[in-house]
Number of protein chains: 4
Amino acid sequence: MSVLNIGIIGAGRIGKVHAESISRFVSDARIKSIADPLIDQKGIEWAKSIGISNVYKDYKEILNDENIDIVLICSPTDTHSQISIEAITKGKHVFCEKPVDHDVERIKAVVDALSVNSHIKYQVGFNRRFDHNFMATKSIVEAGKIGDLNILKITSRDPAAPPVSYIKVSGGIFLDMTIHDFDMVRFISDAEALEVYATGGVLVDKAIGEAGDVDTAVVTIKLSNGAIAVIDNCRRATYGYDQRIEAFGSLGQVSISNDTDSSAVISNASGVTAEKPKLFFLERYTEAYVREISSFIESVRTNSAVSVGIIDGLKPVLIGLAAKMSLIENRPVKLLEIEQKYGL
Amino acid sequence: MSVLNIGIIGAGRIGKVHAESISRFVSDARIKSIADPLIDQKGIEWAKSIGISNVYKDYKEILNDENIDIVLICSPTDTHSQISIEAITKGKHVFCEKPVDHDVERIKAVVDALSVNSHIKYQVGFNRRFDHNFMATKSIVEAGKIGDLNILKITSRDPAAPPVSYIKVSGGIFLDMTIHDFDMVRFISDAEALEVYATGGVLVDKAIGEAGDVDTAVVTIKLSNGAIAVIDNCRRATYGYDQRIEAFGSLGQVSISNDTDSSAVISNASGVTAEKPKLFFLERYTEAYVREISSFIESVRTNSAVSVGIIDGLKPVLIGLAAKMSLIENRPVKLLEIEQKYGL
Amino acid sequence: MSVLNIGIIGAGRIGKVHAESISRFVSDARIKSIADPLIDQKGIEWAKSIGISNVYKDYKEILNDENIDIVLICSPTDTHSQISIEAITKGKHVFCEKPVDHDVERIKAVVDALSVNSHIKYQVGFNRRFDHNFMATKSIVEAGKIGDLNILKITSRDPAAPPVSYIKVSGGIFLDMTIHDFDMVRFISDAEALEVYATGGVLVDKAIGEAGDVDTAVVTIKLSNGAIAVIDNCRRATYGYDQRIEAFGSLGQVSISNDTDSSAVISNASGVTAEKPKLFFLERYTEAYVREISSFIESVRTNSAVSVGIIDGLKPVLIGLAAKMSLIENRPVKLLEIEQKYGL
Amino acid sequence: MSVLNIGIIGAGRIGKVHAESISRFVSDARIKSIADPLIDQKGIEWAKSIGISNVYKDYKEILNDENIDIVLICSPTDTHSQISIEAITKGKHVFCEKPVDHDVERIKAVVDALSVNSHIKYQVGFNRRFDHNFMATKSIVEAGKIGDLNILKITSRDPAAPPVSYIKVSGGIFLDMTIHDFDMVRFISDAEALEVYATGGVLVDKAIGEAGDVDTAVVTIKLSNGAIAVIDNCRRATYGYDQRIEAFGSLGQVSISNDTDSSAVISNASGVTAEKPKLFFLERYTEAYVREISSFIESVRTNSAVSVGIIDGLKPVLIGLAAKMSLIENRPVKLLEIEQKYGL
């Protein structure tokens, strides 16, 4: 079987993560090219060190290379949908970082491009689906070990708030942060959101409020299977990245806790102290990133369905928009309302 | 100092719990009389065995006994407010089981009776405030160890649903079950509820739905200190009585877990298995009941403020009514709306 | 059925614990008298407050009272065997605090007294057998859930070393502290010690070494069922009273951990911190003391075998003497050696 | 700086582990050659797939290649010392799997070869020193967080006994299995063993006893810093690979527990069940193997001291021989006795 050639668009933090995952763990695939308008000498050296042959400023060099089979879109969010459509049109399989876009119309354009290029594999980068803990939760729920799902609780808190400059272009907490949790709700429950009620506050940083966003939120979602999901978010948890799930059902409950660097527990006159959770997403989801990209390349290689498709990219955005409307109008918002607005 | 004489009205399960707590752990107080229209020979023998001198059918015998200092009202809920007022009028200190009533007007009548008998100690039986775990949580929050409260999460699930006959007279899940959690929200947060959004479903037993109630619920509460509380309830948890709290704030988080009969953990080919939580409230809150009643008697003895007063009995009912309205009308309901309705 | 009359000899800490356990939790039994040559006015008031009619200086007043059915020996260790024999001779049922004696000959004298008074119930105060955690461990092992026992590990550490004055009369660490663990080995394993190897050091307090004792020890015991037990002791654990067991067998393992005052866990920038173990034996074994004394009184009432008999009092002393010899001579010592020495 | 060329001798399980670790995670080093007399077509393909240029039957081809800087000895134990000496003589830096040998004289020959080739880096494959949990323990002890070490407890149990054919050539449990724990004692305590007492039994498989070995053992070690170490081993733990440490000292305790595949905990009517420990050493120590080999290559690259030298390879063998003698002669054995026997 021939080696798959990969081009990576965007050589920032996440582009590098995927490049290294592939170079270390994926055989029969090689990263042929990487493109980033801002790449510097250090970036070029890094690319060489992991065996990438070509380094470009312009991503079109990658799209125009007939020998490239797969494109990874790791550029800024506002370029995702445009590059996705170009890549699809050029016949490339696409792995696109989340979110595909904050704008539903632009995601719909990607859906349309895919519908006329149905042989293209298109995966959205919801990395948490590949976390060992969330995967275990999913397996247990799917295997019926907790019976019918009744209540799904997701805790998702960042160690520290990003700069307000980031907040301003983030699309707001629901499209930037909670979007992962909306995906997780769909992943674990295997059901769709029907109605969303969101509440929130500015408890971490007033500047976030001044930027028109909240930094703390609780979102309740009624699901199509009758279960209720509830998500709590905060932009700051002093003890680190807090990512937990409890799925409660008719036969029992499964819960997962945070990962730590070690299981060391110190007992002394001050108490019995374990380690804090791993610092942030790069630490917590290191292995998940490997599994994610390996899964996508395997889908291409075996011509099988991707694990996180374009619809999985669209739905959390719709839920996020419903949450945003709910917060602003202080009322539960039906997904149908959002869907109708966008002719879905 | 003279021995305090106690009369207990109601010799059901909870009346017996308090009687035994007092006889074992409270010195300088004695249960002089107990009254229950349904008391049988076995009950009379039990009363004698713990040294109760008088057993009556009619609770008025207790109220008319001038030597009785303290009355414990452990009769059915719909008699609480009436007996409370009679006892207050007779100059008795009153410990009244929760809830004081489901009807706000009747609670207000107790408030009024107390306002003209201001020397009377009146405590409401929110036993969870005396649980070692919840007390520890309260202390930690109060001491500022988690900073300002941001999110308060309460899990409260019963091991099994009560009979539908009980559901029908229970006042509904929010006044019957969540009411404890509403009290816990006030206790831990030291803040008042401003607005409530409740959602729920019938996921355990259709008959509960037919009786006009839900058996599974998630309630979100905006608090006067800016924090958000979220409670999840279910009438059935196969693994036992699930009563947990997480309080998350600007400096960290405190969480408590369930108690078990022992810390034994078995590791074998099936996994690493710890015990289920203690079965139900009598098992979980055994010591809390002792602390609760001791605290009340101490308040009487030392003429100091009770730890759970009539307003603490009223507020959770108001929150419960807001939750009920929220569920029915599918919208967030302000407490102010409920308070204005009742002229509060 | 008639009420059992109890006399308590020794009104120190442990005598008071038993008195209060009985007065609170044991019905159909009453403490008629207590004797202590050092009892003061405060002690007399305490005795009255829990309903004890007679307070004596001389324990013989209790032994001579024909209406006393049961005697609790809570006096200093060096009086246990003598008072035991007197009480047995007077026809009293006896609960004797551990150890019966440090001297094997004197324990044998009690065995002899019991053999000619076979109707007498005689229980030795190994309270840990009644701890909820150790009971759970025992049940699990007994039920075969870990299969055949292979390795039994006991951790037993005190929060702080006692004064050297106490050490000097304690009989040494093995007869004073490890003796509880030797009993636990027999209790959990349901087997007898065949050979003991003890090693130890003076790591806590040089004065303990100067008094001829060690303060830290590890004892390995070969058991009659082929299993190996290993105990580690220290006179000082900064984090509190550390009392744990791991029983490992052919089908798995059961382990128990320490009890805490609450399950509160604080997560902050310093880590994830749970509470220290309960401070010391009175806190850890509060309920065990109630079960212990209740069990004994129940044995008397129902004329059934006691749960911890005189042989259970003798055996740990023999193991302790073997450990002592092992430490001094730096070699494994067979129990047979000790038994032969004492003609057992 | 030039790329280091590596030759691997032995293409069995552990040789492959190191090859893959290097190819994935070590930059500026490449595996030039691998040699194994038994390598088959599948092995050759595997070697090509990770970019190894040369595959030999005869390891001398590697030793004779002047361009090879580093040799990894992953061949059977009885060839380790001989190949080590040859490689050292040829000027290669050597990473040798544990144990260097079971025979002290042959290890001494390696020590001698190194003493006349003092520029050679020689590391012994005690992988557990690179486990995140054991490293954390070491750091905490070294940082003084538990004060002076008093008691060091190591639990080390395999999931299932190896075939008796393996047992027969294994050197016995102390040189085959406990040797890792002896290393761990030295690693964590930073002290040397003075005296060893070992006891053991045949509780898992009679055939192991017939082969002259035990399958269950408890070893107590007196250390040069006054602390006492105790190790318990078993060849079979139904719940998986059990590798834990407790280090107890004057200021507190640190303990580590086993790793699991996920943190999922299922609560249902049967209890509250977490996952079993990771299956065996390849699963538990995956990352440790990467750190181990990376550390060695870094030592070569920077000409700095290796983390586990030849003396660290020798000492555990001496402790193992002392344990063997202790078991046979049923007495504590001083290390001095063993050292004098070998003129050390």
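Presented here is an overview of the structure given in this document. (Residues numbered from 1 in each chain as written. Chains lettered and ligands numbered in written order. Predicted model: local features only at pLDDT ≥ 70, side-chain atom pairs only at ≥ 80, totals over all residues. Heavy atoms only, no water.)

Here's the deal with the overall build of chain A
On a plain count of helices and strands, chain A comes out with 14 helices and 15 strands. For 344 residues, the compact-globule estimate of 2.2 N^0.38 gives 20 Å, and the C-alpha radius of gyration of chain A, at 20 Å, lies within 12% of that figure. Projected onto the principal axes, the alpha-carbon positions of chain A cover approximately 60 × 55 × 45 Å. Residue burial in chain A is summarised as follows: out of 344 residues, 61% are buried. Here the analysis covers contacts within chain A between residues at least 6 apart in sequence; of these, 72% occur between residues at least 24 apart. Accessible surface, chain A as shown: approximately 12,700 Å² in total, 52% of it carbon and sulfur. (Helix = DSSP H or I, 4+ residues; strand = E, 2+ residues; numbered from the N terminus. Rg over C-alpha atoms; globule rule 2.2 N^0.38 Å. Buried < 20%, exposed > 50% of the residue type's maximum accessible area, 1.4 Å probe, protein only. Contact = heavy atoms within 4.5 Å. Areas by Shrake-Rupley, 256 points an atom, 1.4 Å probe, with all protein chains shown as cover.)

Brief notes about the side chain of E292 of chain B
Mapped onto the elements of the fold, E292 of chain B is located in helix α12 (residues 286-302). It turns out E292 of chain B is buried and unbridged, and the closest side chain with the opposite charge, R129 of chain B, is 8.8 Å from it. (Lys, Arg positive; Asp, Glu negative; His and termini not counted. Salt bridge = Lys/Arg side-chain N within 4 Å of Asp/Glu carboxyl O.)

Side note on the relation of the copies chain A and chain B
The two copies are related by a screw operation: chain A maps onto chain B through 180 degrees of rotation and 0.0 Å of translation along the axis, at an RMSD of 0.0 Å. The transformation relating the two chain copies, once decomposed into turn and shift, fits a two-fold axis. Nearest to the rotation axis, the C-alpha of R331 of chain A is located 2.8 Å from it, this being the minimum over chain A. A high fraction, 100%, of the interface residues of chain A reappear at the interface in chain B, so the copies pair face to face through one surface. (Least-squares fit on C-alpha atoms with pLDDT ≥ 70 in both.)

Let's talk about the interface of chain D and chain A
Contacts between chain D and chain A engage 24 residues on the former and 24 residues on the latter. Between chain D and chain A, the buried area comes to about 1,800 Å², and carbon and sulfur atoms account for 49% of it. Looking only at chain D, the three residues that lose the most surface to chain A are R24, S263 and I266 of chain D, adding up to 27% of its buried area. The interface formed by chain D and chain A includes zero salt bridges. Summed over the shared surface of chain D and chain A, the result is 11 residue pairs in polar contact (both at pLDDT 80 or more). Those elements giving two or more residues to the side of chain D that touches chain A turn out to be α1 (13-25), α6 (132-142), β12 (252-256) and β13 (265-268) of chain D. Of the residues forming the side of chain D that touches chain A, the biggest block, five residues, is contributed by β12 of chain D. With four bridges connecting them, strand β12 (residues 252-256) of chain A and β13 of chain D associate as antiparallel partners. For G252 of chain A, the partnering residue across the bridge sits in β13 of chain D and is N268 of chain D. (Buried area = accessible area lost by both parts, 1.4 Å probe. Polar contact = N/O pair within 3.5 Å; in protein donor to acceptor, adjacent residues only side chain to side chain. Pairing = 2+ DSSP bridges.)

As for the packing of helix α6 (residues 132-142) of chain A against helix α9 (residues 178-189) of chain A
Residue and element names in this part refer to chain A. Closest axis-to-axis distance for the α6/α9 pair is 8 Å, and the angle between their directions is 35 degrees. For the pair α6 and α9, contact is made by F134, T137, K138 and V141 and by M184, F187 and I188, respectively. Grouping the amino acids of the contact of α6 with α9 by side-chain chemistry returns five nonpolar, one polar and one charged. (Axes fitted to C-alpha atoms, helices over the stretch in contact; angles between N-to-C directions. Nonpolar A, V, L, I, M, F, W, Y, C, P; charged D, E, K, R; others polar.)

Here we look at the interface of chain A and chain B
At the junction of the two partners, chain A supplies 39 residues and chain B supplies 39 residues. Surface buried jointly by chain A and chain B totals about 3,000 Å² across both partners, of which 59% is contributed by carbon and sulfur atoms. If you look at where chain A meets chain B, you find six salt bridges. When the shortest N-O distance is used, the salt bridge between E246 of chain B and R157 of chain A registers 3.6 Å. In this assembly, chain A and chain B are joined by 20 residue pairs in polar contact (both at pLDDT 80 or more). Only β7 (149-157), β8 (193-201), β9 (216-223), β10 (228-234), β11 (242-249) and β12 of chain A provide two or more residues apiece to the side of chain A that touches chain B.

Considerations on the sheet that holds strand β3 (residues 54-56) of chain B
All names here are of chain B. Taken in spatial order, the six strands of this open sheet run β3-β2-β1-β4-β5-β6, and their pairing is parallel. Each of the sheet's edge strands pairs with one partner strand only, and the pair in question is β3 and β6 (122-125). Strand-to-strand, the axes of this sheet are offset by a mean angle of 20 degrees, without reference to chain direction. Here strand β4 (residues 70-73) pairs with strand β5 (residues 93-97) via four bridges, running parallel. Paired with L72 across the bridge in β5 is F95.

Describing helix α1 (residues 13-25) of chain C
Over its 13 residues, α1 of chain C runs 18 Å from end to end, which matches the ideal 18 Å to within 8%, given 1.5 Å per residue. Burial in α1 of chain C covers these residues: I14, G15, V17, H18, A19, S21 and I22 of chain C. (Expected span 1.5 Å × (residues − 1).)

Observations regarding the pairing of strand β2 (residues 29-35) of chain D
Residues and elements named next belong to chain D. Burial of β2 is extensive: six of the seven residues sit out of reach of the surface. Judged from the six bridges that link them, strand β1 (residues 4-9) and β2 form a sheet pairing that is parallel. Across the sheet, L4 pairs through a bridge with A29, a residue of β2. Taken together, β1, α1 and β2 constitute a β-α-β crossover, and its handedness is right-handed. Summarising the sheet, β2 and strand β3 (residues 54-56) pair through three bridges and their orientation is parallel. When the bridges of β3 are listed, I34 appears paired with V55. Running through helix α2 (residues 41-49), the crossover from β2 to the neighbouring parallel element β3 is right-handed. (Right-handed = clockwise from strand over helix to strand, strands pointing away.)

Describing the relation of the copies chain D and chain A
Each copy of the sequence occupies a distinct position, and chain D is placed on chain A by a rotation of 180 degrees and an axial shift of 0.0 Å, giving an RMSD of 0.0 Å. When you check the interface residues of chain D against chain A, 100% turn up at the interface there too, and the contact is symmetric in its surfaces.

Don't take any of this as a statement about function, it's just geometry.
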